[in-house]
Amino acid sequence: MNFLEERILRDGQVREGDILKVDSFLNHQLDTGLLDKIGETFYHHFKDKPVTRVLTVEASGIAVAYPVARMFKVPVVFAKKSRSMNLDGDLYTSVVHSYTYNLDNTLTLSKNYLGRDDCVLIVDDFMANGKAAQGLLDICRQAGAQVAGIGIAIEKGFQDGGKNLREAGYDVYSLAIVDEMRNDGTIVFRGN
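Reference entry: report on the structure contained in this document. (Residues numbered from 1 in each chain as written. Predicted model: local features only at pLDDT ≥ 70, side-chain atom pairs only at ≥ 80, totals over all residues. Heavy atoms only, no water.)

Helix and strand counts for the chain stand at six helices and 10 strands. In terms of overall size, the chain behaves like a compact globule, its C-alpha atoms giving a radius of gyration of 16 Å where 192 residues would be expected to give roughly 16 Å. Seen along its three principal axes, the alpha-carbon backbone of the chain occupies a region of about 50 × 35 × 35 Å. When burial is assessed residue by residue, the chain has 45% of its 192 residues classed as buried. (Helix = DSSP H or I, 4+ residues; strand = E, 2+ residues; numbered from the N terminus. Rg over C-alpha atoms; globule rule 2.2 N^0.38 Å. Buried < 20%, exposed > 50% of the residue type's maximum accessible area, 1.4 Å probe, protein only.)

What helix α1 (residues 3-11) keeps buried is the set Leu 4, Glu 5, Arg 7 and Ile 8. Axial view of α1: buried residues confined to an arc of 160 degrees, hence all on one face. At its buried positions, α1 is contacted by β2 (19-21), α2 (23-27), α3 (32-46), β8 (146-156), β9 (172-181) and β10 (187-189). (Arc of directions from axis to C-beta. Contact = heavy atoms within 4.5 Å.)

Moving on: the packing of aromatic side chains. Considering all chains together, one arrives at three aromatic pairs under this definition. On the basis of an interplanar angle of 75 degrees and a centroid distance of 6.0 Å, the ring pair of Phe 42 and Tyr 173 is categorised as edge-to-face. Here Phe 42 is found in helix α3, whereas its partner Tyr 173 is found in strand β9, with 131 residues between them in sequence. Given a relative accessible area of 0%, Phe 42 falls into the buried group. Taking relative accessible area as the criterion, Tyr 173 reaches 24% and is therefore assigned partly exposed. Residues Phe 46 and Tyr 173 carry aromatic rings whose centres are separated by 6.3 Å and whose planes lie at 80 degrees to one another, so their mutual orientation is edge-to-face. With Phe 46 in helix α3 and Tyr 173 in strand β9, this pair connects stretches of sequence that are 127 residues apart. (Phe/Tyr/Trp six-rings, centres within 6.5 Å; stacked < 30°, edge-to-face > 60°.)

Residue position: Ile 187 is located in strand β10. The exposure class of Ile 187 is buried, given its relative accessible area of 10%. In this structure the C-alpha to C-alpha distance between Ile 187 and Val 64, which are 123 residues apart in sequence, comes to 22 Å. With sequence-adjacent residues up to four places away left out, Ile 187 is seen in contact with Ile 8, Leu 9, Val 14, Leu 20, Val 178 and Glu 180.

A few words now on the environment of His 28. Note on placement: His 28 falls in the loop between α2 and α3. Overall, His 28 belongs to the exposed group, its relative accessible area being 71%. With 115 residues separating them in the primary sequence, His 28 and Ala 143 have C-alpha atoms 31 Å apart.

Let us look at the sheet that holds strand β7 (residues 119-127). The sheet built from six strands is open, its strands ordered β4-β3-β7-β8-β9-β10 with mixed pairing. Each end of this open sheet is capped by a strand with a single partner; those strands are β4 (76-79) and β10. Taking the axes of each pair of neighbouring strands and ignoring which way they run, one obtains an average angle of 30 degrees across the sheet. Two strands pair when backbone bridges link them, and β8 and β9 are joined in this way by six bridges, in the parallel orientation. Across the sheet, residue Glu 155 finds its bridge partner in β9, namely Ile 177. Sheet contacts for helix α5 (residues 131-143): β3 (53-57), β4, β7 and β8; angle to β7, the most-contacted strand, approximately 165 degrees. (Pairing = 2+ DSSP bridges. Axes fitted to C-alpha atoms, helices over the stretch in contact; angles between N-to-C directions.)

The following block contains the structure:
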């Protein structure tokens, strides 16, 4: 069992609707030491790739992407979920469905921050159906950028997101793959 799986077992909470609540350490309150370990672990897995950008989705993906980018010494670029007044110029956009919020978001990224010379590592805190990752891959395709891989802190292995992306040939590296969440609060990780 790895450090993230141990933390999920200690502080995570299973909620109705296949929700895994990890807001006490990953996506509401942040454990910076844990995030540093996540960054180091992703770096060691992808260190042989010529990463020039770490790409994620606002908001909770940023906390996971930052320590990874720091290890690679490259910028974090994040797609916004809604277009703001200060976002102007040429934009990449991709519509994605959020499992957590059960709504569609239009991911938006300025063309100033991603281009054909980039090698992108996509990073996010969670993956269920893989829609956010697919939206970021779509933005990378629009930019002509190479994709080094996809790093996910927690993957819901009982949903098809990771499986579909792996079958499509992407290097998907998930630190904790949850294969089952039982009604009694038990969490079963892949390989355990």
